Amino acid sequence: MTQPPTPTRATTGRRPAAVLIGFMGAGKSTVGRVLADRLGVDFIDTDVELVRRTGRSIPEIFESDGVEAFRTIEENVVTDVLDNHGGVVSLGGGAVTTAGVRDALTDQRVVYLRVSPERGYERVSGTDRPLLATADPAARYAELLAGRTAVYEAVCTFDVDADADPDTVADAVVVRLARELM
């Protein structure tokens, strides 16, 4: 017996209300939950979904399979979520470094949560972040953020300052989304 094809945006007519991108510590998950509540839609964090689907933590995948394998898994999860979720979607901080993810973001409402190096690092300091496992994690954070900023800017529909509290950031996103839909 053959399985029916997996529904895609073309067949479901669904499109995320907003896709949040930004570097680690920008508040994508926290703001995403608040934003979804404000918009009356569901929220999905692709990092959480990736862990659910693989049964492994992100640090475990990085350590055992490597960065390239992780990015392939992430791309598959992100493209599936973008094709099938009509709410707010939060992407992992490095997801946009993959060409397939950038392609999947075409024609989406992509919100870049722009965070300062100081505020972002403050939020992630002391957490288990494989890319910050160095002698100077604050310097590594600033270096990685600087290296990804142009990619975030290139794929976003608009950006919002994410240094503020989650409610303020979510409110700013709602205002900008309203302008985009006019």
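Residues numbered from 1 in each chain as written. Predicted model: local features only at pLDDT ≥ 70, side-chain atom pairs only at ≥ 80, totals over all residues. Heavy atoms only, no water.

The name an unreviewed UniProt entry gives the protein is Shikimate kinase, with Gordonia terrae as the organism. Regarding the protein, the relevant UniProt record gives this comment under Sequence similarities (unreviewed entry): "Belongs to the shikimate kinase family." Its UniProt record gives the protein the following Subcellular location (unreviewed entry) comment, quoted word for word: "Cytoplasm". (UniProt positions renumbered as here; feature names shortened; annotations may be inferred.)

The next subject is the pairing of strand β1 (residues 18–21). Where burial is concerned, the two faces of β1 agree: the one with Ala 18 and Leu 20 and the one with Val 19 and Ile 21 are both buried. Where β1 lies against strand β3 (residues 88–90), three bridges are found, and the strand directions are parallel. Bridging from a neighbouring strand, Ala 18 pairs with Val 88 of β3. When β1 meets strand β4 (residues 110–114), the two strands line up parallel, connected through three bridges. Each residue of the ladder has a partner; that of Leu 20, found in β4, is Val 111. (Buried < 20%, exposed > 50% of the residue type's maximum accessible area, 1.4 Å probe, protein only. Helix = DSSP H or I, 4+ residues; strand = E, 2+ residues; numbered from the N terminus. Pairing = 2+ DSSP bridges.)

Attention now goes to the UniProt feature "binding site: ATP" (unreviewed entry) in the protein. Here the UniProt-annotated "binding site: ATP" (unreviewed entry) positions come out as Gly 25, Ala 26, Gly 27, Lys 28, Ser 29, Thr 30 and Arg 129. With respect to the helices, strands and loops of the structure, Gly 25 is situated in the loop between β1 and α2 (28–39). When its relative accessible area of 13% is taken as the criterion, Gly 25 is described as buried. Every residue in contact with Gly 25, bar those within four places of it in the chain, is listed here: Val 115, Gly 120, Arg 123, Val 124 and Tyr 141. Tracing the backbone shows Lys 28 in helix α2. In this view, Lys 28 contacts Leu 20, Ile 21, Gly 22, Phe 23, Phe 43, Ser 90, Leu 91, Gly 92, Gly 93 and Leu 113; residues no more than four positions away in its chain are not counted. One polar contact links the side chain of Lys 28 to the main-chain carbonyl oxygen of Gly 22, over a distance of 3.0 Å. (Contact = heavy atoms within 4.5 Å. Polar contact = N/O pair within 3.5 Å; in protein donor to acceptor, adjacent residues only side chain to side chain.)

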